[in-house]
Amino acid sequence: MQSREQVVEWINGCVLGDLRTVILGIQERERRGKTQFLGGCNFLLAADCCEALEYFGRVYDGKGYAATYVWRYVEKFLNPIDDRYMKVWPILWDSFRHGIVHTSWTKPVCMDGSGERIAIGVDNDPDGDHFKPIPDYQGKSFAISSYRFFQDIERSFCEGFRDWILNKSDESILKRAAPQTLRIRAGNTKGEKAFKYVLSLNT
């Protein structure tokens, strides 16, 4: 990254742009009618929103673990849009980000010492339930609209984060916003073999 303007362009055109493409896919599926060959992108959009926030958090702060700097981003830029994010964020982040990315499912939530269990759901309806129980579910539950989650993240960029990048950040933002290098450590024979093979494709 060479400039703050380039960071803003990358976020708007690529990070948020990819999420807008998922939204178009959801709209196209609705236009065509539901079929067994096209999914609703509920989980995909929610997971991608979490990935975008992880990047935003790294660009904004980048200190400590991802969960820590994402929390700081949410507190600074997403909370002013809807203060319920801070109230549910530890559950939302772990259930959605870790659950969907690593197991393709949101993680239901329980607490040690309590018999209560909360099912976690997501839909893609612009008017869908957001921070509410899942309709027609018999047990305890909590749902978000991945569509509205995306809209709030986009607003957090447009109404605060973009200005922070352009006018309040220091030069270290350019390093935090740039791609991170994958290092093949000495002794990683499989990685070394793959690296040499990829190099050979360039000769």
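Residues numbered from 1 in each chain as written. Predicted model: local features only at pLDDT ≥ 70, side-chain atom pairs only at ≥ 80, totals over all residues. Heavy atoms only, no water.

Attention now moves to the overall build of the protein. Secondary structure assignment for the protein yields 7 helices and 3 strands. Its helices and strands taken in sequence order, the protein reads α-α-α-α-β-β-β-α-α-α from the N to the C terminus. Taken along its principal axes, the extent of the C-alpha atoms in the protein is 60 × 45 × 45 Å. In the protein, which comprises 203 residues, the share counted as buried stands at 40%. Pairs at least 24 apart in sequence give 54% of the contacts found in the protein among residues at least 6 apart. Counting 28 positive and 27 negative side-chain charges, the protein places the averaged centre of each group 6 Å from the other. (Helix = DSSP H or I, 4+ residues; strand = E, 2+ residues; numbered from the N terminus. Buried < 20%, exposed > 50% of the residue type's maximum accessible area, 1.4 Å probe, protein only. Contact = heavy atoms within 4.5 Å. Lys, Arg positive; Asp, Glu negative; His and termini not counted. Charge placed at Lys NZ, Arg CZ, Asp CG, Glu CD.)

A few words now on the sheet that holds strand β1 (residues 109–110). The strand order across the open sheet formed by 3 strands is β1-β2-β3, and the pairing between neighbours is mixed. Each edge of the open sheet carries a strand with a single partner, namely β1 and β3 (141–145). Alignment of β1 against strand β2 (residues 117–123), held across 2 bridges, turns out to be antiparallel. Bridge pairing links V109 to I118 in β2. Most of the contacts of helix α5 (residues 146–167) go to β3, to which it runs at about 55 degrees, and overall it touches β2 and β3. (Pairing = 2+ DSSP bridges. Axes fitted to C-alpha atoms, helices over the stretch in contact; angles between N-to-C directions.)

This part is about the pattern of salt bridges. Per the stated rule, a full pass over the model turns up 11 salt bridges. Here E154 makes a salt bridge to R20, at a shortest N to O gap of 2.9 Å. Here the residue E154 occupies a position in helix α5, and R20 occupies one in helix α1 (residues 4–32), the gap between them amounting to 134 residues. (Salt bridge = Lys/Arg side-chain N within 4 Å of Asp/Glu carboxyl O.)

Moving on to the nonpolar core. Counting 52 residues, the largest nonpolar core has F56, F149 and F161 as its most contacted members. Elements supplying a minimum of two residues to this core: α1, α2 (42–60), α3 (66–78), α4 (84–103), β2, β3, α5 and α6 (173–177). Among the elements that take part in this core, α2 stands out by supplying 11 residues, more than any other. Those residues within four positions of F56 in sequence are excluded, and the remaining contacts are I11, V15, L16, Y73, I153, F157 and F161. (Core = buried A, V, L, I, M, F, W, Y, C linked by side-chain atoms within 4.5 Å.)

Across all of its chains, the model carries 16 aromatic pairs by this definition. Their ring planes at 45 degrees and their centres at 6.1 Å tell us that F131 and F142 sit as a pair that is tilted. Residue F131 is located in the loop between β2 and β3, and its partner F142 is located in strand β3; the two are separated by 11 residues in the primary sequence. Taken individually, F131 and F142 each receive the classification buried, so the pair is uniform in this respect. Here the aromatic residues F56, Y60, Y73, F77, F157, F161 and W164 are joined through ring pairs into a cluster of three or more. (Phe/Tyr/Trp six-rings, centres within 6.5 Å; stacked < 30°, edge-to-face > 60°.)

The grouping of L182, I184, F195 and L199 at the surface amounts to a nonpolar patch, some 420 Å² of accessible area in total. When you line up the elements, L199 lands in helix α7 (residues 189–200). Note on L199: relative accessible area 46%, which makes it partly exposed. (Patch = residues over 30% accessible without salt bridge, like charges linked within 9 Å, V, L, I, M, F, W, Y side chains within 5 Å. Areas by Shrake-Rupley, 256 points an atom, 1.4 Å probe, with all protein chains shown as cover.)

Contact pair α3 / α4: the axes reach a minimum separation of 11 Å and the direction vectors enclose 150 degrees. What the angle tells us is that α3 and α4 run roughly antiparallel. The chirality of how α3 crosses α4 is right-handed. Together, A67, V70, W71, V74, E75 and L78 of α3 and Y85, M86, W89, P90 and W93 of α4 make up the contact between the two elements. When its residues are assigned to classes, the contact of α3 with α4 shows 10 nonpolar, no polar and 1 charged. (Parallel < 35°, antiparallel > 145°, perpendicular 65-115°, else oblique. Left-handed = near helix turned anticlockwise from the far one by under 90°. Nonpolar A, V, L, I, M, F, W, Y, C, P; charged D, E, K, R; others polar.)

Leaving glycine out, the prevailing phi sign among residues is negative, and the prevailing peptide bond configuration is trans. Phi at F131 is positive, roughly 65 degrees, even though this residue is not glycine. The class of F131 is buried, set by a relative accessible area of 12%. Look at D136: it is not a glycine, yet its phi comes out positive at around 65 degrees. Within the fold, D136 resides in the loop between β2 and β3. The exposure class of D136 is exposed, given its relative accessible area of 76%.

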